[in-house]
Amino acid sequence: MDVNAAVAAAAAIAGVLTGVIAMLAFRWSEREQKRPTRTSLHTDPVLPPGVDTVLSVLRSSAVVLDEADAVVKASSAAYALGLVRGGKLSVEPMLKMARDTRRDGEIRQVELDLPRRGTGRGEALAVSARVAPLGSRLVLLLVEDLTEARRIEAVRRDFVANVSHELKTPVGALSLLSEAVMDASDDPEAVERFAGRMQIEATRLTSLVQELIDLSRVQNDDPLEDAEPVGIDELVAEAVDRCRHQAGAKQITMAAAGPADLRVWGNRGQLAAALGNLVENAVNYSPARTRVGIAARRVNAAGGDLIEIAVTDQGIGISDKDKERIFERFYRVDPARSRATGGTGLGLAIVKHVAASHGGEVTVWSAENQGSTFTLRLPEAGAARDRAQQRPDPDEVDDVDDVDDLDEVTPSSSHPSRPAPPRASSPNSTAYQTLSAPEVHP
């Protein structure tokens, strides 16, 4: 009896212990199921309510990191900038900022220069990074791309420096000449000579200020607000008349050719200034007793007919390395020659902006010691008016077909050694042969 009772008691105790162990195991299992796992930290529900929506509309590149520095959320812009790779933040300075902010909760901001990946260029990507805590465990990183803003600021800074330098030269000359006039008050011949120089410098200063005003105007104004049909023959006549005195002094013959019914749609004043700058440059950079030609024609294009106005000279030409920069402000191929001709370095920049604002372009063909041809390509009046009303893709004006309705022109007999440039037969070819008729003599 005693043995059986002992066995029964032992079995009862064992059963109780088994039940207790099973109950503890069940409780532990439930607790483990409720505990957040590492995987759950990387899903969207861990973000505070509304954060995902806000991040999706931000212009900045956004990255959310958890306590293990894993990426919980990243915008497409962050991937495009190369900030996130393989689920990790790939920029070490930003990662260090995120860790420091997670540790002390302080908001940090820094500007960095990052290498461009996959471009093969040495240019740096300028960014501004701002890190802030997001809840108790997450960190938010916002990155702004400052590359374009820095480029614009550099252009503005260079422009101000160039303007200051260009203005300082004639102003300084006027100051010195005025002192010379005062010192030579008893010498009428010296006073007359110095006064003549003062007039030249004053004219140069006036031209520079006027071209600065013109450049500012074409950049800020919308030329199509006061647009009207403008006849090409009127623009050519005005450009020729503007340069008649300079051409006559150098015995340069100006010749114009093209149909008389060509019209473009735009601001008459800006178009006249652009073509006038091209003709004036051709005259100024041409040797004496040569020819400057102005040719106009209509070419077919997908978005509507285009009008091409080509200005050809027999001057010194432009090297390949200078062609890429001649439309920059204040850039001169030959600074000494530009000062001798009174150039300010703004004429071609104005032409470029006028062409772009009218939905066209300006291109150049040139060979050293063979001359240059600048081609101003603009939408014809009807096509430009329709385009301004319908606002189609501006790329439609790029496809220009060759036409044969413009009379072929021959090289100038006064320059037989110069080979004739090829005729423009494609959208990228802008060379014209020198005009032979009709001639406009200064």
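Up top is the structure.
Residues numbered from 1 in each chain as written. Predicted model: local features only at pLDDT ≥ 70, side-chain atom pairs only at ≥ 80, totals over all residues. Heavy atoms only, no water.

**As for a negative patch on the surface**
Inference 1: Among the surface-exposed residues, Asp 186, Asp 187, Glu 189 and Glu 192 lie close enough to one another that they form a single negatively charged patch.
Inference 2: As for its placement among the helices and strands, Glu 189 is situated in helix H6 (residues 188-220).
Inference 3: Taking relative accessible area as the criterion, Glu 189 reaches 62% and is therefore assigned exposed. (Patch = residues over 30% accessible without salt bridge, like charges linked within 9 Å, V, L, I, M, F, W, Y side chains within 5 Å. Areas by Shrake-Rupley, 256 points an atom, 1.4 Å probe, with all protein chains shown as cover. Salt bridge = Lys/Arg side-chain N within 4 Å of Asp/Glu carboxyl O. Lys, Arg positive; Asp, Glu negative; His and termini not counted. Charge placed at Lys NZ, Arg CZ, Asp CG, Glu CD. Helix = DSSP H or I, 4+ residues; strand = E, 2+ residues; numbered from the N terminus. Buried < 20%, exposed > 50% of the residue type's maximum accessible area, 1.4 Å probe, protein only.)

**Some words on the packing of helix H9 (residues 268-284) against helix H12 (residues 347-357)**
Inference 1: At a minimum axis distance of 9 Å, the contact between H9 and H12 shows a crossing angle of 140°. The pairing of H9 with H12 is recorded here as oblique in orientation. Seen along the crossing, H9 lies across H12 with a hand that is left-handed. On the side of H9, the interface is formed by Gln 270, Leu 271, Ala 274, Asn 277, Leu 278 and Asn 281, while H12 contributes Gly 347, Leu 348, Ile 350, Val 351, Val 354 and Ser 357.
Inference 2: Split by residue class, the contact of H9 with H12 holds seven nonpolar, five polar and no charged. (Axes fitted to C-alpha atoms, helices over the stretch in contact; angles between N-to-C directions. Parallel < 35°, antiparallel > 145°, perpendicular 65-115°, else oblique. Left-handed = near helix turned anticlockwise from the far one by under 90°. Contact = heavy atoms within 4.5 Å. Nonpolar A, V, L, I, M, F, W, Y, C, P; charged D, E, K, R; others polar.)

**Brief notes about the environment of Asp 313**
Inference 1: If you trace the backbone, Asp 313 turns up in the loop between strand E12 (306-312) and helix H10 (320-323).
Inference 2: On a C-alpha basis, the gap between Asp 313 and Val 279 in space is 8.9 Å, while along the polypeptide they are 34 residues apart.

**Focus: the layout of surface pockets**
Inference 1: Of the pockets and cavities examined, the second largest pocket occupies roughly 440 Å³.
Inference 2: What lines the second largest pocket is a set of 17 residues, among which Val 155, Phe 327, Glu 328, Arg 329 and Phe 330 lie closest to the centre.
Inference 3: Of all the secondary structure elements, the ones that give two or more residues to the lining of the second largest pocket are helix H5 (147-183) and H12.
Inference 4: Sort the elements by how many residues they give to the lining of the second largest pocket and H5 lands first, with six residues.
Inference 5: The residue inventory of the lining of the second largest pocket, partitioned by class, reads eight nonpolar, two polar and seven charged. (1 Å grid on protein atoms, 1.4 Å probe; cavity = no way out; pocket = protein on both sides within 12 Å on 5 of 7 lines; lining within 4 Å. Points joined across faces, edges and corners; volume = space filled by probe spheres on them.)

**Some remarks on the pairing of strand E1 (residues 61-65)**
Inference 1: Of all five residues in E1, five are buried; the element is thus mostly enclosed.
Inference 2: By the alternation rule, side chains of E1 split into Ser 61, Val 63 and Leu 65 and Ala 62 and Val 64, which are all buried.
Inference 3: As paired strands, E1 and strand E7 (residues 138-145) are joined by five bridges and run antiparallel to one another. Bridging from a neighbouring strand, Val 64 pairs with Leu 140 of E7.
Inference 4: Here E1 runs beside strand E2 (residues 71-74); their pairing, made up of three bridges, is antiparallel. Considered in E2, the bridge of Leu 65 is made with Val 71.
Inference 5: Between the end of E1 and the start of E2, which pair antiparallel, lie five residues, with Asp 69 showing a positive phi angle near 65°. (Pairing = 2+ DSSP bridges.)

**Some points on the packing of aromatic side chains**
Inference 1: Scanning all chains against the criterion turns up one aromatic pair.
Inference 2: Its end group placed over the ring of Phe 194, Arg 193 keeps NZ or CZ at 5.1 Å from the ring centre. (Phe/Tyr/Trp six-rings, centres within 6.5 Å; stacked < 30°, edge-to-face > 60°. Lys NZ or Arg CZ within 6 Å of the ring centre and 35° of its normal.)

**What to know about the sheet that holds E2**
Inference 1: The strand order E2-E1-E7-E6-E5 describes an open sheet built from five strands, whose pairing is antiparallel. Looking at strand neighbours, the two that pair on one side only are E2 and strand E5 (108-115), the edges of this open sheet. This sheet shows a mean twist of 25° between the axes of neighbouring strands, independent of strand direction.
Inference 2: Sheet contacts for helix H4 (residues 92-104): E1, E5, strand E6 (124-134) and E7; angle to E5, the most-contacted strand, approximately 165°.
Inference 3: Where H5 meets the sheet, its contacts fall on E5, E6 and E7, and the angle it forms with E6 comes to roughly 130°.

**Structural notes on the environment of Leu 177**
Inference 1: Among the structural elements, Leu 177 can be located in helix H5.
Inference 2: Residues Leu 177 and Gly 196, 19 residues apart in the sequence, show an inter-C-alpha distance of 9.8 Å.
Inference 3: Not counting chain neighbours up to four residues away, the residues in contact with Leu 177 comprise Phe 194, Arg 197, Met 198 and Glu 201.

**As for the nonpolar core**
Inference 1: Grouped together as the largest cluster of nonpolar side chains are 48 residues, with contacts concentrated most on Ile 232, Met 254, Leu 275, Val 279, Val 311 and Phe 374.
Inference 2: In terms of residue count, the dominant contributor to this core is H9 (eight residues).
Inference 3: If sequence neighbours within four positions are ignored, Val 279 has contacts with Ala 239, Cys 243, Met 254, Ile 294 and Val 311.
Inference 4: Formed by 22 residues, the second largest nonpolar core is a distinct cluster that contains Val 84, Val 91, Leu 114 and Val 143. (Core = buried A, V, L, I, M, F, W, Y, C linked by side-chain atoms within 4.5 Å.)

**Section: H12**
Inference 1: Along H12, the residues classified as buried are Gly 347, Leu 348, Ala 349, Ile 350, Val 351, Val 354 and Ala 355.
Inference 2: With its phi angle positive at about 75°, Gly 359 sits one or two positions after the end of H12.

**Points about the pattern of salt bridges**
Inference 1: Scanning the model with the defined rule gives 21 salt bridges in all.
Inference 2: Across the salt bridge formed by Arg 102 and Asp 69, the nearest N and O atoms sit 2.9 Å from each other. With Arg 102 in helix H4 and Asp 69 in the loop between E1 and E2, this residue pair connects regions lying 33 residues apart in the sequence.
Inference 3: Look at Asp 69 and you get buried, because its relative accessible area is 11%.
Inference 4: Notably, a salt bridge pairs Asp 113 with Arg 150, separated by 2.9 Å at the nearest N-O pair. With a gap of 37 residues between them, Asp 113 in strand E5 and Arg 150 in helix H5 connect regions that are remote in the sequence.

So far we have only geometry, and geometry alone does not tell us how the molecule works.
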